[in-house]
Amino acid sequence: MRKDYTVLYKDSSNSCFLLAGYLTVSIEPLPPVVIGDTVTLKCNFKTDGNLREIVWFQVIEGSTGKQKIFTYDALYNNSYSNLEDNRRQEEQLYQSTVRLPEVKMEDDGVYECHVGVYDMSLSSKVILDSSSIILTIIVPPKSISVVAANSPAPFSRYEAENFTLVCTVTGAKPAPTVYFKRDGELIDVVPPASSTFQHSSLWSSLVLPSRDLDDTKLKKSLTLQDEEGKVARLGQDDPDGSQLSRELNPEPTTEEVPETMVSREFPRWVQSSDPLFYFQHRQEPVGDGTVNVRAILTWSLNPQLDNEALFSCEVKHPALSMPMQSEVTLAAPKGPKLSMRPDKAKVGDTVRITVQGFQLGPSASEVFPEPMFTWTKVGGHLLDGREQHDGRELVLERVPAELNGSMFRCTAQNPLGSTDTHTRLIVFENPRLQKGKENDIGKFSFISKGP
């Protein structure tokens, strides 16, 4: 800004008259600066007086105090810096500059340039003016990740369930813009103010008749569709109801399940409307001046359409030259790969059956969201008496000979589908235990011959 002033001046004859002068000080504007970059603050000044001094200040955030960071004294033609390692340098005449290499978060804030000049009368009176600027340090996001909420979760066979993706972006300043895409297309979301997350508003679904038995226990597919894909109408396509009776009361075939059997289960309901995607955006300030952002996308899952769909969370930020993104592909588990240790189990051994991975299709690279695993014994309870065991590994301690030939089922499921893999346990005789039994029999015989 321009500061005009007048000075009362006396000449050698003691005649008095007024002299007018001016001092203009301004700091060149700056765009936001990315952390780690080098920035130069430029203070321009014009005056018809004589320069006295230039002083740079950094205003201390949260207080009225100031820190003097640089001084130039024209009277003695020297300069003084209050900064270590001389990080800031200056040059004067009609411009004073302060250079900040590799700016940090603490460099963010208000800077002031104060200029003092002598008036035109060459007296000791100093005229002061100043200008200020806000230096804004921006920080690109440190990380981005996408997870499924409430994971692992089971597969819903008979009704539509809500599904939520949570995208977390950390360490950004200012808060970034976060949005979701599906298969490369921007998702049209319902605004946060309208997000009620009510099940009825997300989808309208038609639930087909319930069936409690899964596909691994049935000889034929449980479907109400005929071979041409048309929905069978009760009383017309099957007048006597015999087909429906056979489907609702199937004969179990658990004893006929082969060791390589892998089956996949699909939902028993169909969607009757397009999905509504609900979006929420939350910010959490961090102590270092940055913010963490959580973007939440919720809709009612349709396993037939959403399986192998690519969802991406993308971030736009002024410190990034291109969007930052994280991608996940929704995929149902496709047959767990099981391993058994030891390879040849003997009576009395501890047997571990472990999920090593999945029998993935050509278009799937991983299973997302994380599946849950359930173990059951076909035709009976587990060795410890439980009906089922949850986890990636089933441990059978001190297996008896009675378990030889037993079939164990591992069910892997996530909200997109359920699949089973069976493995048969073969238990061999243990020579050491057999020898121990023979020795026990010998000892019993010897004792029985006593007097």
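Let us look at the structure shown here. (Residues numbered from 1 in each chain as written. Predicted model: local features only at pLDDT ≥ 70, side-chain atom pairs only at ≥ 80, totals over all residues. Heavy atoms only, no water.)

Examining the overall build of the protein chain
If you tally the helices and strands in the protein chain, you get 4 helices and 32 strands. Burial statistics for the protein chain: of 451 residues in total, 39% are counted as buried. In the protein chain, 64% of the contacts between residues at least 6 apart in sequence involve partners at least 24 apart. Split by element, the accessible area of the protein chain, about 25,800 Å² in all, is 51% carbon and sulfur. (Helix = DSSP H or I, 4+ residues; strand = E, 2+ residues; numbered from the N terminus. Buried < 20%, exposed > 50% of the residue type's maximum accessible area, 1.4 Å probe, protein only. Contact = heavy atoms within 4.5 Å. Areas by Shrake-Rupley, 256 points an atom, 1.4 Å probe, with all protein chains shown as cover.)

Regarding the packing of aromatic side chains
Scanning all chains against the criterion turns up 5 aromatic pairs. On the basis of an interplanar angle of 75° and a centroid distance of 5.3 Å, the ring pair of F163 and W299 is categorised as edge-to-face. Of this pair, F163 sits in strand β13 (residues 162-172) while W299 sits in strand β21 (residues 291-300), and the two are 136 residues apart along the sequence. Accessibility assignment for this pair places F163 and W299 in one class, buried. (Phe/Tyr/Trp six-rings, centres within 6.5 Å; stacked < 30°, edge-to-face > 60°.)

Some details on the sheet that holds strand β15 (residues 185-186)
Pairing in this open sheet of 4 strands is antiparallel, and the strands run β15-β14-β22-β23 from one edge to the other. Of all strands in the sheet, those with a lone pairing partner are β15 and β23 (324-329), marking the two edges. In this sheet, strand β22 (residues 310-316) lies alongside strand β14 (residues 177-182) in antiparallel orientation, the contact comprising 6 bridges. Across the sheet, residue K181 finds its bridge partner in β22, namely S312. (Pairing = 2+ DSSP bridges.)

Considering the environment of V351
Assignment of secondary structure puts V351 in strand β26 (residues 351-358). Relative accessible area serves as the criterion here: at 0%, V351 is assigned to the buried category. In this structure the C-alpha to C-alpha distance between V351 and V395, which are 44 residues apart in sequence, comes to 5.8 Å. Beyond its immediate sequence surroundings of up to four residues, V351 is in contact with M340, R341, P342, A345, L394, V395, L396, V399 and L425.

Structural notes on the sheet that holds strand β24 (residues 336-341)
Strand pairing within a sheet occurs via backbone hydrogen bonds; the two strands may be parallel or antiparallel. In spatial order, the strands read β24-β26-β29; together these 3 strands make up an open sheet with antiparallel pairing. Either end of the sheet is taken by a strand with one partner, and the two such strands are β24 and β29 (393-396). This sheet shows a mean twist of 20° between the axes of neighbouring strands, independent of strand direction. In this structure, β24 lies alongside β26, joined through 6 bridges in antiparallel fashion. Considered in β26, the bridge of R341 is made with R352. (Axes fitted to C-alpha atoms, helices over the stretch in contact; angles between N-to-C directions.)

A few points about the side chain of T164
Inspection of the secondary structure assignment puts T164 in strand β13. Look at T164 and you get buried, because its relative accessible area is 17%. Among all residues touching T164, those that are not within four sequence positions of it are V147, A148, A149, I296, L297 and T298.

Examining unusual backbone geometry
Each neighbour pair has its own omega, and for S151 with P152 the value is 0°, a cis peptide bond. The step from R341 to P342 runs through a cis peptide bond, and the omega angle for that step is -5°. Relative to the assigned elements, P342 resides in the loop between β24 and β25 (345-346). With phi around 50°, E102 is a residue other than glycine that occupies positive phi space. One can find E102 in the loop between β8 (95-100) and β9 (109-118). In this structure E102 comes out as exposed when scored by relative accessible area, which is 55%. One non-glycine residue, N150, lies in positive phi territory at about 55°. Take N150: it is sitting in the loop between β12 (143-148) and β13. With relative accessibility at 69%, the residue N150 sits in the exposed group.

Notes on the pairing of strand β30 (residues 407-414)
Of all the 8 residues making up β30, 8 are buried; the element is thus mostly covered by neighbouring parts of the structure. Across the two faces of β30 the burial is the same, with M407, R409, T411 and Q413 and F408, C410, A412 and N414 all buried. Of the strand pairs in this sheet, strand β27 (residues 372-377) and β30 are connected by 6 bridges, and their pairing is antiparallel. Looking at β30, one finds that T376 is bridged to R409. Across 8 bridges, β30 lies against strand β31 (residues 417-424) in antiparallel orientation.

Description of the state of the cysteines
Under the counting rule described, the total for this entry stands at 2 disulfides. Put simply, C43 and C113 are joined by a disulfide, and their sulfur atoms are 2.1 Å apart. Every disulfide takes its handedness from the sign of the S-S torsion; for C43 and C113 that torsion is -85°, giving left-handed. A residue pair is termed long-range when its members are at least 10 positions apart, and C43 in strand β4 (residues 39-47) and C113 in strand β9 qualify at 70 residues. Of the two residues, C43 and C113, neither departs from the other in class, the shared state being buried. Note that C167 is cross-linked by a disulfide to C313, the S-S spacing being 1.9 Å. Torsion about the S-S bond of the C167 and C313 cystine: about -80°, corresponding to left-handed handedness. Highlighted residues: C167 in strand β13 and C313 in strand β22, separated in sequence by 146 residues. Assessed through its relative accessible area of 0%, C167 is described here as buried. (Disulfide = S-S within 2.5 Å.)

Observations concerning the environment of K104
Along the chain, K104 falls in the loop between β8 and β9. On the accessibility criterion, K104 (38% relative accessible area) is partly exposed. In this structure the C-alpha to C-alpha distance between K104 and I137, which are 33 residues apart in sequence, comes to 7.6 Å.

Spatial relationships are all this shows, so hold off on functional conclusions.
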